[in-house]
Amino acid sequence: MSESIKGRAIIVTGAGRGIGAAMAHGLAADGAFLVIADRDEANARGVAEAITEAGGRAMAQPVDVTQRASVREMIKATVTAYDRLDVIFNNAGIAQTRPFLNITEEDWDQVMDVNAKGVLIATQEAARQMIDQGGGGKIINTASIAGKQGYDPLAHYCASKFAVVALTQAAARAFGKHRINVNAICPGVVATDMWKVIDKGFVDEGLTTKENEAFDNFASTVLMGRPSRPEDMVGVARFLASSASDYMTGQSLMIDGGMVLV
């Protein structure tokens, strides 16, 4: 157990499944107090209940990260339950597969609203709370290998994740004086429901011919010899949420098994 995480009030958005759920379970096992925030309240409740049954402390909170009022309500609920906000993981995100020439303005707006604007809003509101309460804090954003390299059928998704990296750097510069660390995690090919959506999009767009073909093609370039699992993100999540990372800010950590070398 990481003693520097024990008792910290931590929000994880998009924690109803996938990477967010895995990180929440790992942080709760270290004694953190979790807010499982997700647009799907039933999924959030399921994760929170599983953490509680395992001896941890967690509460579910519905949130739409594209709506400032919803984000403010999430932070208010956190402070009401746990007295403060120490860490937020801006993990909520969506993906969509479209060949570059087929991306519409509606496609662009949908992906950018959640992945980029959602990070902007939650970072602003979390930082305001951390500044008001004093004592610093941690803001950790989920970017992607797609925030380091552009991929044709995922151009708008890549643009949104490049935006996450930029927001991470800008926020680090803005809030360092308040002892707020801002960093990002960049996963690679992770076996989650999001990748099922991406993979299905490849098939629907005629870019691949069978289920899991795109996933397997991308995963074949991973130096560690296998695709990632959500649990692979837990170690770095613990590090970034803890005092061990107090002198790190503005960084985007590649946790991709060596798929993209930067």
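What counts and how
Residues numbered from 1 in each chain as written. Predicted model: local features only at pLDDT ≥ 70, side-chain atom pairs only at ≥ 80, totals over all residues. Heavy atoms only, no water. Helix = DSSP H or I, 4+ residues; strand = E, 2+ residues; numbered from the N terminus. Rg over C-alpha atoms; globule rule 2.2 N^0.38 Å. Contact = heavy atoms within 4.5 Å. Areas by Shrake-Rupley, 256 points an atom, 1.4 Å probe, with all protein chains shown as cover. Lys, Arg positive; Asp, Glu negative; His and termini not counted. Charge placed at Lys NZ, Arg CZ, Asp CG, Glu CD. Buried < 20%, exposed > 50% of the residue type's maximum accessible area, 1.4 Å probe, protein only. Pairing = 2+ DSSP bridges. Right-handed = clockwise from strand over helix to strand, strands pointing away. Phe/Tyr/Trp six-rings, centres within 6.5 Å; stacked < 30°, edge-to-face > 60°. Lys NZ or Arg CZ within 6 Å of the ring centre and 35° of its normal. 1 Å grid on protein atoms, 1.4 Å probe; cavity = no way out; pocket = protein on both sides within 12 Å on 5 of 7 lines; lining within 4 Å. Points joined across faces, edges and corners; volume = space filled by probe spheres on them. Nonpolar A, V, L, I, M, F, W, Y, C, P; charged D, E, K, R; others polar. Salt bridge = Lys/Arg side-chain N within 4 Å of Asp/Glu carboxyl O. Axes fitted to C-alpha atoms, helices over the stretch in contact; angles between N-to-C directions. UniProt positions renumbered as here; feature names shortened; annotations may be inferred.

### Looking at the overall build of the protein chain
Part 1 of the argument: Counting its regular elements, the protein chain contains eight helices and seven strands.
Part 2 of the argument: Here the C-alpha atoms of the protein chain give a radius of gyration of 17 Å, agreeing with the 18 Å that 2.2 N^0.38 yields for 262 residues.
Part 3 of the argument: Once the C-alpha set of the protein chain is aligned to its principal axes, its extents read approximately 50 × 35 × 35 Å.
Part 4 of the argument: Long-range pairs, those at least 24 residues apart, make up 71% of the contacts in the protein chain between residues at least 6 apart in sequence.
Part 5 of the argument: Counting only carbon and sulfur atoms, one obtains 51% of the accessible surface of the protein chain, whose full area is about 11,700 Å².
Part 6 of the argument: Where the 25 positive side-chain charges of the protein chain centre and where its 30 negative ones centre are 7 Å apart.

### Quick word on the pairing of strand E2 (residues 33-38)
Part 1 of the argument: By the criterion of burial, E2 is predominantly enclosed, with five of the six residues buried.
Part 2 of the argument: Sheet topology note: the strand E1 (residues 9-13)/E2 ladder contains five bridges and is parallel. If you follow Ile-10 over to E2, its bridge partner there is Leu-34.
Part 3 of the argument: Following the backbone out of E1, through helix H1 (residues 18-29) and into the adjacent parallel E2, one traces a crossover that is right-handed.
Part 4 of the argument: As judged from the six bridges shared by E2 and strand E3 (residues 57-62), these two strands associate in the parallel manner. Paired with Phe-33 across the bridge in E3 is Arg-57.

### Quick notes on the packing of aromatic side chains
Part 1 of the argument: Scanning the entire structure with this criterion turns up five aromatic pairs.
Part 2 of the argument: A centroid spacing of 5.5 Å and a plane angle of 40° characterise the contact between Phe-33 and Tyr-82, whose relative ring orientation is tilted. Separated by 49 residues along the polypeptide, Phe-33 in strand E2 and Tyr-82 in helix H3 (residues 68-82) bring together distant segments of the chain.
Part 3 of the argument: Looking at Phe-33, the relative accessible area reads 24%, which means it is partly exposed.
Part 4 of the argument: Ring centres 5.5 Å apart and planes at 65° place the aromatic pair Tyr-151 and Phe-218 in the edge-to-face group. Taken together, the residues Tyr-151 in the loop between strand E5 (137-142) and helix H5 (155-175) and Phe-218 in helix H7 (residues 213-219) connect sequence positions 67 residues apart. The pair formed by Tyr-151 and Phe-218 is uniform in burial state, with each residue classed as buried.
Part 5 of the argument: One cation-aromatic arrangement involves Arg-57 over Phe-33; the distance from NZ or CZ to the ring centre is 4.4 Å.

### A word on empty space enclosed by the protein
Part 1 of the argument: Under the definition given, this model contains one cavity of 30 Å³ or more.
Part 2 of the argument: The calculated volume of the largest cavity comes to roughly 40 Å³.
Part 3 of the argument: Around the largest cavity sit Thr-13, Val-65, Asn-90, Asn-91, Ala-92, Gly-118, Val-119 and Ala-122, which together line it.
Part 4 of the argument: Element by element, the count of residues in the lining of the largest cavity is highest for helix H4 (residues 105-133), at three residues.
Part 5 of the argument: Classifying every residue of the lining of the largest cavity by side-chain character gives four nonpolar, four polar and no charged.

### Brief notes about the pattern of salt bridges
Part 1 of the argument: Applying the stated criterion to the full structure yields 14 salt bridges.
Part 2 of the argument: Taking the shortest distance from any N to any O, the salt bridge between Asp-193 and Arg-17 comes out at 3.3 Å. With Asp-193 in helix H6 (residues 193-204) and Arg-17 in the loop between E1 and H1, this pair connects stretches of sequence that are 176 residues apart.
Part 3 of the argument: Under the relative-accessibility criterion, Asp-193 is labelled partly exposed at 36%.
Part 4 of the argument: Across the salt bridge formed by Asp-113 and Lys-117, the nearest N and O atoms sit 3.8 Å from each other. Residue Asp-113 and its partner Lys-117 are located together in helix H4, separated by four residues, close to a single helical turn.
Part 5 of the argument: Here the residues in one salt-bridge network are Arg-68, Arg-72, Glu-125 and Arg-128, joined through shared partners.

### Quick notes on the sheet that holds E2
Part 1 of the argument: Spatial strand order, E3-E2-E1-E4-E5-E6-E7: seven strands in an open sheet with parallel pairing. Each of the sheet's edge strands pairs with one partner strand only, and the pair in question is E3 and strand E7 (252-255). Between one strand axis and the next, the sheet turns by 20° as a mean value, whatever way the strands run.
Part 2 of the argument: With respect to the sheet, helix H2 (residues 41-53) is in contact with E2 and E3, its orientation differing from that of E3 by roughly 175°.
Part 3 of the argument: Of the strands in this sheet, strand E4 (87-90), E5 and strand E6 (180-187) touch H4, which is tilted by about 170° from E5.

### Details of the UniProt feature "domain: Ketoreductase" (unreviewed entry) in the protein chain
Part 1 of the argument: If you check UniProt for "domain: Ketoreductase" (unreviewed entry), the listed places come out as residues 8-173 in our numbering.
Part 2 of the argument: Its end C-alpha atoms 24 Å apart, residues 8-173 is made of 53% helix and 16% strand.

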